[in-house]
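Below, each chain spelled out in residue letters.
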Amino acid sequence: QVQLVESGGGLVQAGGSLRLSCAASGRTFSSYAMGWFRQVPGKEREFVAGISWSGVRFNYADSVKGRFTISRVNAKNTVYLQMDSLKSEDTAVYYCAGSAGRDYLGPTRNQYDYWGQGTQVTVSS
């Protein structure tokens, strides 16, 4: 079992930056591919970025390419999402997710086995 806890959300002006962190419990973190998703009220949760268990493969939604960077430090059981050049449309609750045993880093939500509770990101224009 893995528990995921996000942090680092907050209020930022458009054009600014934030770094989200997701801390995982358990000894098997390095065997999980990890992803970040986001959700606004009334809309489905959407994929933002994914990273392989080894940290050498990445996948990004078109809407964040060139602005967001996903990374991980397996020794710290932590995955990060660096968000730069933020826009008002990036406002959402951000969730991290873990995919066990398949090294999946795509957008399909049911391929992820574990989810955090989310952290709010608000970008003011």
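Here the residue index of a chain counts from 1 through its sequence in written order. Given that this is a predicted model, residues contribute local features only at a pLDDT of at least 70 and side-chain atom pairs are listed and counted only at 80 or more, while totals for whole chains, interfaces and linings are drawn from all residues. To get the side-chain values, take all heavy atoms of the structure and skip hydrogens and water.

Trainee: Help me out: how do you make sense of the pairing of strand β3 (residues 18-24) in this one?
Mentor: The side chains of a regular strand alternate, first on one face of the sheet and then on the other. Note on exposure labels: buried denotes an accessible area under 20% of the residue type's maximum, exposed denotes more than 50%, and partly exposed covers the range between, all computed with a 1.4 Å probe on protein chains only. Helix and strand assignments follow DSSP, with helices taken as H or I runs no shorter than four residues and strands as E runs no shorter than two, numbered in order from the N terminus. Among the seven residues of β3, five are classified as buried, and the element is accordingly described as predominantly covered. When DSSP finds two or more bridges between a pair of strands, those strands are recorded as paired. Bridge count for strand β1 (residues 4-7) against β3 is four bridges, and the pairing is antiparallel. Opposite E6, over in β3, you have C22 as the bridge partner. Relative to strand β8 (residues 78-83), β3 runs antiparallel, the two sharing six bridges. Within β8, the residue paired with L18 across the bridge is M83.

Trainee: I would appreciate a short explanation of the pattern of salt bridges in the present structure.
Mentor: Two side chains with opposite charge may pair up if their charged atoms get near one another. Basic side-chain nitrogens of Lys or Arg form a salt bridge, by our definition, when they fall within 4 Å of a carboxyl oxygen of Asp or Glu. Evaluated as defined, the whole model comprises seven salt bridges. Salt-bridge contacts for R57 lead to D103; the nearest nitrogen and oxygen are separated by 2.9 Å. Remark: D103 occurs in the loop between β9 (92-100) and β10 (114-115) and R57 occurs in the loop between β5 (46-51) and β6 (58-60); sequence separation between them is 46 residues. Residues R67 and D90 are paired through a salt bridge, measuring 2.7 Å at the closest nitrogen-oxygen approach.

Trainee: Just to check I follow, could you spell out the side chain of D90 for this structure?
Mentor: Within the secondary structure, D90 is located in the loop between β8 and β9. If near-sequence neighbours (up to four positions away) are discounted, D90 is found in contact with R38, R67, F68, S85, V121 and V123. Any two residues whose heavy atoms approach within 4.5 Å are treated as being in contact.

Trainee: Just to check I follow, could you spell out the packing of aromatic side chains for this structure?
Mentor: The geometry of an aromatic ring pair is captured by two quantities: the separation of the ring centres and the angle between the planes. By convention, a stacked pair of Phe, Tyr or Trp rings (six-membered ring in the case of Trp) has centres within 6.5 Å and planes under 30 degrees apart, an edge-to-face pair has planes over 60 apart, and any other such pair is tilted. Summed over all chains, the structure comprises six aromatic pairs. Centroid distance Y104 to Y112: 5.6 Å. Interplanar angle 70 degrees. Geometry classified as edge-to-face. Positioned over the ring face of W115 is R45, at 5.0 Å from the centre of the ring. One Lys or Arg, R72, reaches over the ring of F29 and ends 4.5 Å from the middle of that ring. Charges are assigned to positions over rings by a cutoff of 6 Å between ring centre and Lys NZ or Arg CZ, combined with an angular limit of 35 degrees from the ring normal.

Trainee: It is not clear to me how unusual backbone geometry should be interpreted in this structure. Could you clarify?
Mentor: For residues besides glycine, phi is generally negative; the peptide bonds are generally trans as well. Here S85, not a glycine, exhibits a phi torsion of approximately 50 degrees, which is positive. Relative to the helices and strands, S85 resides in the loop between β8 and β9. For S85, a relative accessible area of 42% gives the class partly exposed. A positive phi angle is found at D103, which is not glycine, with a value near 50 degrees.

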